[in-house]
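# Commentary on secondary and tertiary structure
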Amino acid sequence: MKTVLLLLFVSITYLGYSQKVISGNITDKSNGEDISYATIMIKGSNVGVLTNTYGFYSLTIDNEYIKNDTVVIIISFMGYDKVEKSIRLTKDTRIDIKLKPLITELSSVEIKADVTAEKERLRSTEMSTITVKAKSIKYIPTIGGEVDPIKVMQLLPGVSGGTEGSTSLFVRGGDADQNLVLLDEATVYNLGHLFGFFSVFNSDAINDLTMIKGAFPSNYGGRLSSILDVRMKEGNSTEFHGAGGIGLLSSRLMLEGPIIKNKMSFLVSARRTYIDQVFKMVASNLPYYFYDLNAKVNYKISQKDRLFYSFYMGRDVLNVSEENVKEKGDSTGQDFGLDFGFNLGNMTHTLRWNHIYNPKLFSNVSFILTDFDYDINGEFVGNSIYINSKIFDIGLKADFDYFRNNENHIKYGGSFISHQFQPNIVSTAGDISSFLSSNEGPKMLTNEFALYAMNDMDISRTFKVNYGLRFSGAVVKDKVYAGLEPRLAIRYLAAKNKSIKLSYSRMKQYLHRVASSTVALPTDLWYPITSNVKPQIADQIAAGYNHLFVKHNISFEVEVYYKRMQNLIEYREGASLVLNDNYEDELLAGKGTSYGAEFLLRKERGKLTGWISYTLSKATRQFDELNKGKTFPAKYDRRHNISIVLSYELSKRWMFSAVWVYQSGSRFTAQTGQYLMPNATMTNVEIIPIYTDRNAVEMAPSHRLDLNFTLKPKRQRKFNGEWSFGCYNLYNRAQPYSVRVVPNDDGTGYKYEQPGLFGFIPSIAYNFNF
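To keep things clear, this report deals only with the structure shown in the data block. Just so we're clear, the structure is a prediction, and the values are computed from it rather than from any experiment.

Turning our attention to the sheet that holds strand β9 (residues 129-133). The mixed open sheet is built from five strands, whose spatial order is β9-β16-β17-β12-β13. The open sheet is flanked by β9 and β13 (186-187), the only strands paired with a single partner. Note: strand β12 (residues 179-183) against β13, two bridges, orientation antiparallel. When the sheet's bridge partners are listed, Leu182 is paired in β13 with Thr187.

The next point concerns a positive patch on the surface. A cluster of like positive charges, contributed by Lys29, Lys98, Lys100, Lys261, Lys263 and Lys300, occupies part of the molecular surface. One can find Lys261 in the loop between β19 (250-260) and β20 (264-273). Residue classification places Lys261 among the exposed positions, given a relative accessible area of 57%.

Moving on, we get to empty space enclosed by the protein. Taken as a whole and assessed by the stated rule, the structure comprises six cavities of 30 Å³ or more. Estimated volume of the largest cavity: approximately 330 Å³. Together, 27 residues line the largest cavity, and Gln154, Leu155, Glu164, Val661 and Arg704 are the ones closest to its centre. Sorting the residues of the lining of the largest cavity by element identifies β38 (640-649), β39 (654-663) and β44 (702-711) as the ones contributing at least two each. Among the residues forming the lining of the largest cavity, the class breakdown is nine nonpolar, 14 polar and four charged. The calculated volume of the second largest cavity comes to roughly 180 Å³. In terms of lining residues, the second largest cavity is bounded by 20 residues, among which Met127, Ser128, Thr129, Glu557 and Glu559 are the most central. Among the elements of the structure, β9, β33 (536-549), β34 (554-571) and β35 (587-603) are those that each provide at least two residues to the lining of the second largest cavity. Among the elements that line the lining of the second largest cavity, the one with the most residues is β35, at four residues. Considered class by class, the residues forming the lining of the second largest cavity number six nonpolar, five polar and nine charged.

Each value, and the rule that gives it
- Residues numbered from 1 in each chain as written.
- Predicted model: local features only at pLDDT ≥ 70, side-chain atom pairs only at ≥ 80, totals over all residues.
- Heavy atoms only, no water.
- Pairing = 2+ DSSP bridges.
- Helix = DSSP H or I, 4+ residues; strand = E, 2+ residues; numbered from the N terminus.
- Patch = residues over 30% accessible without salt bridge, like charges linked within 9 Å, V, L, I, M, F, W, Y side chains within 5 Å.
- Areas by Shrake-Rupley, 256 points an atom, 1.4 Å probe, with all protein chains shown as cover.
- Salt bridge = Lys/Arg side-chain N within 4 Å of Asp/Glu carboxyl O.
- Lys, Arg positive; Asp, Glu negative; His and termini not counted.
- Charge placed at Lys NZ, Arg CZ, Asp CG, Glu CD.
- Buried < 20%, exposed > 50% of the residue type's maximum accessible area, 1.4 Å probe, protein only.
- 1 Å grid on protein atoms, 1.4 Å probe; cavity = no way out; pocket = protein on both sides within 12 Å on 5 of 7 lines; lining within 4 Å.
- Points joined across faces, edges and corners; volume = space filled by probe spheres on them.
- Nonpolar A, V, L, I, M, F, W, Y, C, P; charged D, E, K, R; others polar.

Without other data, these values stay purely geometric and don't point to any function.
Here it is as structure tokens:
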């Protein structure tokens, strides 16, 4: 049945057509970058299409819209001048359009720009999805004064950030490893620098980010909770430009320009923290730093063919040596031969080929390499230890866009990824090797594959449906795990500015990550499924209501969802997965549910922009071997989550922005008492703790206010600079991030304390472009 369905979609490609077709690419006139999801409409009608991810469109024209062999189309996208073009149409025609960015003040943008983008969101079947342009978040305040795309994602409804300051993502009751993060289609396994306080994404190199939490299109899969699709800029193909910034903790520089004008371009962006150098200046020492490097080249071979190559590398480095200790004031005179450190990072390569077969068929083929590893090394008094864990992926992916007509946009394709895992590589020397011997670690190979087909179809002016099917699987130790993932989304247009949407999706996950609670370093381990650890499955249903207030350029969205998860992974109490090749014996399988309501009110243009989001949710887990088999709250089950993000143009030179967040506390298992019991030999007594049910106690809620002021130049020149002055946690409220047991003040009994993280942190940064 699956094969027949796929062949049916492919075979449609070869049918003939009686209508005429206009196709081509929509690009940014200022830099040559493709514009995704721009709108192309036939003037005087409701007939239109959107460009795909790579800026390609195909518009089928019926004879009724052709007058004297001429048709008029309108091309528009938020932030660009609208283009109206008259086309002589006697045959299928290719028309490439360049849109000019709006460069007027924000107040006039509000008057000049229409609400095409908001209308398209309302009319589409898309649900639980938010796309954020990097340039639209440049003024949002964050730690250190540097825009962090991941921290912005944490401000969206349905998304929680875990502990304060981290880059973890917990989406709709899922776990942190249930999010597939893609950078130009390559998987990024580690999202954080500086123990998670900075994300790996340099905003200067990023074009946009799309977060999908539900109603997943069939071309996405591999994780249960969300897809975060991050797209890099392509590089300016018309002029040489640069941008960068100098902050308190790090600096960055981006260069882009044409290699062959309008045909081949490049982009290079680098970032490095100088925390190690700052500490040296204040007579202290923190031998830690991180760096990132992004690069991209794109080459337009012809009107039908285009190549892209994307590269990313980022690493965290810590090295504590004997010299570091002595510099801190050690006066014992002893030489312990101390040397300790870690080194971890991601590297990705993506080679993509775009090809246009005919005015209705577009394809993208990607060859992808991903490499993630961490090293921990230490030397002490003649002993040495080295621990390494790594993942290497090699993949091939093919996606086809078939624009059958204006009412049917068909996508189909497939992917193959070979994962090579090698956790727990150990090398020791000295006395330590007598109880911890060297070990190459197990090499585990998993081949993951998928085929999909979907159709985005207009049934009538009020009903639209997106239906699809994904067949996915993994081959592990010569055993095949596979299954179907049906997808469905329905939109009912209740009025021109109101729509109601419903969706169902099933997602499967063939990899899992487990973090050992006994290790404080970034030693999370990724493993494939096994005979004891089955593929994780999530079924999600959602309903939504969209309302667009056209006069005020404000959109309001509300969604309710219910998600059921199977074969979730936890580890036994006290289990250690680091240096443990028999990790399967430590893992437990269970199930979970999450449900909630999400509200989003946003304004995307004008002097005042931003959004207000509120999430009311509940997430639970159930494992037969944990909590006596009873259902318990998930660790990051936060009942309430509120984010207010606002930017306001005070004047032509001054921009003000603020972020206020509130969230319920995370969960933990509390000790409520203890009693004494004689040991087995009756020679002593043991203290036996008494605990609540698992995750039964909620930490205190947290909230904070961040501010930022930006001073822009008096007028635009070839070189322009902006000063940003801001702060994180203005009213200095400690954000609880852990719990600990301490004695009561009167010396009787004990109590829990919740130490805070990050009080008031001022920031200043200088950003520039040329």
